[in-house]
Amino acid sequence: MATARLDQKRHALVRAVPNSFTDALANFFGSGPSDLGMARLAHKKYCSILEDNGVKVTVIPADDDYPDCIFVEDQAVIIDGHVLLPALMAPSRRGEQQVVADAIIEELSGHKVCKMYHPAVMDGGDLLRFGDLFFVGRSTRTNDAGITELRDLLDHLGYELRTVDIPDNALHLTSLASTPTDTTLLAPLGYLDESAFGELPNGGEIIWIPEEEAYGCNTLGLPNGKVLVADGYPTVAAELESRGLEVVIIDMEQIRAADGSLTCLSLFL
Ligand code: GLY
């Protein structure tokens, strides 16, 4: 989940890997998962790393009717306890939302939940938080009507929103970028223009990564200074280590095969 500040990452919602995971959508970084066992192992490792680093993890059971259901990030936008349930563009993913929404409502009782309706569409994976500044990807999954609804919520909360156009060869904004800390943004050259994010406030830094490590730009920073990084992206790991962060490597091969990244697997409550 890319809409939580570091200090808000204390409780994560994840969803177990369904038996149908090999049917997950895969049109960008991935060409389809092939090894359910490896996918489950990676998911288990992900949950263990979170727990070992002080994050409570709540696991929603898998549903074999929804091959992509592990990617809970897309199903809800949670900002400082305010919840927006986006309308999903991909028909095969729409039915995943209710169970995720129920789990959020159970955990965050008393908080306001807003629902987006078509023709507005958005995937939570198109949102990225950089402290008090938010970015949204205009992509094949997120349209202008969806962005307008998000802007209404962020205006209400007093946060700025900037739009980033996502190239045709990428799924989401978070497929390409992440904020391993509240003042650092990772993004790949080639996919995004160097002016894509504009000027960053408060001495914020963009670390531009070579195009061939684009997938590795999705990292997951934790409050204790550790950052999860997918295996196989040495420039990403080295850039973070050189800034004093402790990198934790995780094998994401089978998750990547379904166009999923580290942040796609969790929602921070
Ligand atoms: N496989 C993730 C998605 O396309 O939504």
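Residues numbered from 1 in each chain as written. Predicted model: local features only at pLDDT ≥ 70, side-chain atom pairs only at ≥ 80, totals over all residues. Heavy atoms only, no water.

**A short note on the overall build of the chain**
The number of helices and strands found in the chain is 5 helices and 15 strands. Across its three principal directions, the C-alpha atoms of the chain cover 45 × 40 × 35 Å. For the chain, with 269 residues in total, the buried portion stands at 57%. Within the chain, contacts between residues separated by at least 24 positions form 70% of all contacts whose residues are at least 6 apart in sequence. Charge separation in the chain, taken as the distance between the mean sites of 20 positive and 41 negative side-chain charges, equals 5 Å. (Helix = DSSP H or I, 4+ residues; strand = E, 2+ residues; numbered from the N terminus. Buried < 20%, exposed > 50% of the residue type's maximum accessible area, 1.4 Å probe, protein only. Contact = heavy atoms within 4.5 Å. Lys, Arg positive; Asp, Glu negative; His and termini not counted. Charge placed at Lys NZ, Arg CZ, Asp CG, Glu CD.)

**Section: the sheet that holds strand 7 (residues 133–138)**
Overall, mixed pairing links the 3 strands, which are arranged 6-7-8 in an open sheet. Bordering the open sheet on either side are strand 6 (127–130) and strand 8 (160–165), each of which pairs with just one other strand. Taken over all neighbouring pairs, the strand axes of this sheet differ in orientation by 25 degrees on average, direction set aside. Alignment of strand 7 against strand 8, held across 6 bridges, turns out to be parallel. Within strand 8, the position partnered with Leu 133 by the bridge is Glu 160. (Pairing = 2+ DSSP bridges. Axes fitted to C-alpha atoms, helices over the stretch in contact; angles between N-to-C directions.)

**Things to note about the packing of aromatic side chains**
Per the counting criterion, the structure on display carries 7 aromatic pairs. Ring plane angle 80 degrees and centroid distance 5.4 Å describe the contact between Phe 29 and Tyr 215, whose orientation is recorded as edge-to-face. Placement of the pair is Phe 29 in the loop between strand 1 (11–15) and helix 1 (36–52) and Tyr 215 in the loop between strand 11 (205–209) and strand 12 (220–221), with a sequence separation of 186 residues. Since its relative accessible area comes to 17%, Phe 29 is described here as buried. (Phe/Tyr/Trp six-rings, centres within 6.5 Å; stacked < 30°, edge-to-face > 60°.)

**Remarks on the nonpolar core**
Grouped together as the largest cluster of nonpolar side chains are 63 residues, with contacts concentrated most on Phe 21, Tyr 46, Leu 50, Phe 135, Leu 185, Phe 197 and Leu 240. At 6 residues, helix 1 tops the list of elements feeding residues into this core. Once residues lying within four places of it in the same chain are set aside, the contact partners of Tyr 46 are Val 14, Leu 220, Leu 228, Ile 250, Leu 262, Thr 263, Leu 265 and Ser 266. Val 77, Ile 79, Met 116 and Met 122 belong to the second-largest nonpolar core, a separate cluster that totals 16 residues. (Core = buried A, V, L, I, M, F, W, Y, C linked by side-chain atoms within 4.5 Å.)

**A closer look at the pairing of strand 10 (residues 184–188)**
With 5 of 5 residues buried, strand 10 is to be regarded as a mostly interior element. With burial as the criterion, each face of strand 10 is covered, one bearing Thr 184, Leu 186 and Pro 188 and the other bearing Leu 185 and Ala 187. Pairing of strand 9 (residues 178–181) with strand 10, which is carried by 2 bridges, proceeds in the antiparallel orientation. Paired with Thr 181 across the two strands is Thr 184, which belongs to strand 10. Counting the residues between successive antiparallel strands, the hairpin from strand 9 to strand 10 contains 2 residues. Pairing of strand 10 with strand 11 involves 5 bridges; the strand directions are parallel. Bridging across to strand 11, Thr 184 finds its partner in Glu 205.

**Details of the site of the ligand**
Every residue near the ligand is listed here: Leu 25, Asp 68, Phe 71, Arg 93, Arg 141, Leu 171 and Ala 258. The contact in question runs from an oxygen atom of the ligand to an N or O atom on the side chain of Arg 93, over 2.8 Å. Measuring from an oxygen atom of the ligand, one finds a side-chain N or O atom of Arg 141 at 2.8 Å. Isolated, the ligand exposes 200 Å² of accessible area, and the fraction of that covered by the protein chains is 98%. (Near = heavy atom within 4 Å. Polar contact = N/O pair within 3.5 Å; in protein donor to acceptor, adjacent residues only side chain to side chain. Areas by Shrake-Rupley, 256 points an atom, 1.4 Å probe, with all protein chains shown as cover.)

**Regarding helix 3 (residues 144–157)**
End to end, helix 3 covers 20 Å across 14 residues, agreeing with the expected 20 Å (1.5 Å per residue, within 8%). Listed in full, the buried residues belonging to helix 3 are Gly 146, Ile 147, Leu 150, Leu 153 and Leu 154. Across the axial projection of helix 3, the buried residues extend over an arc of 120 degrees, all falling on one side. Away from its buried face, by an angle of more than 90 degrees, helix 3 presents the exposed residues Asp 155 and His 156. (Expected span 1.5 Å × (residues − 1). Arc of directions from axis to C-beta.)

**Focus: the sheet that holds strand 12**
Reading across the sheet, the 3 strands line up as 12-13-14 and stay open at both edges, with mixed pairing between neighbours. Whereas interior strands pair on both sides, the edge strands pair on one side only; in this sheet they are strand 12 and strand 14 (246–250). Where strand 12 and strand 13 (residues 226–230) come together, 2 bridges link them in antiparallel fashion. Considered in strand 13, the bridge of Leu 220 is made with Leu 228. Contacts from helix 1 reach strand 12, strand 13 and strand 14, with the element oriented near 155 degrees to strand 14. Together, strand 13 and strand 14 form the strand contacts of helix 4 (residues 234–241), whose direction differs from that of strand 14 by roughly 155 degrees.

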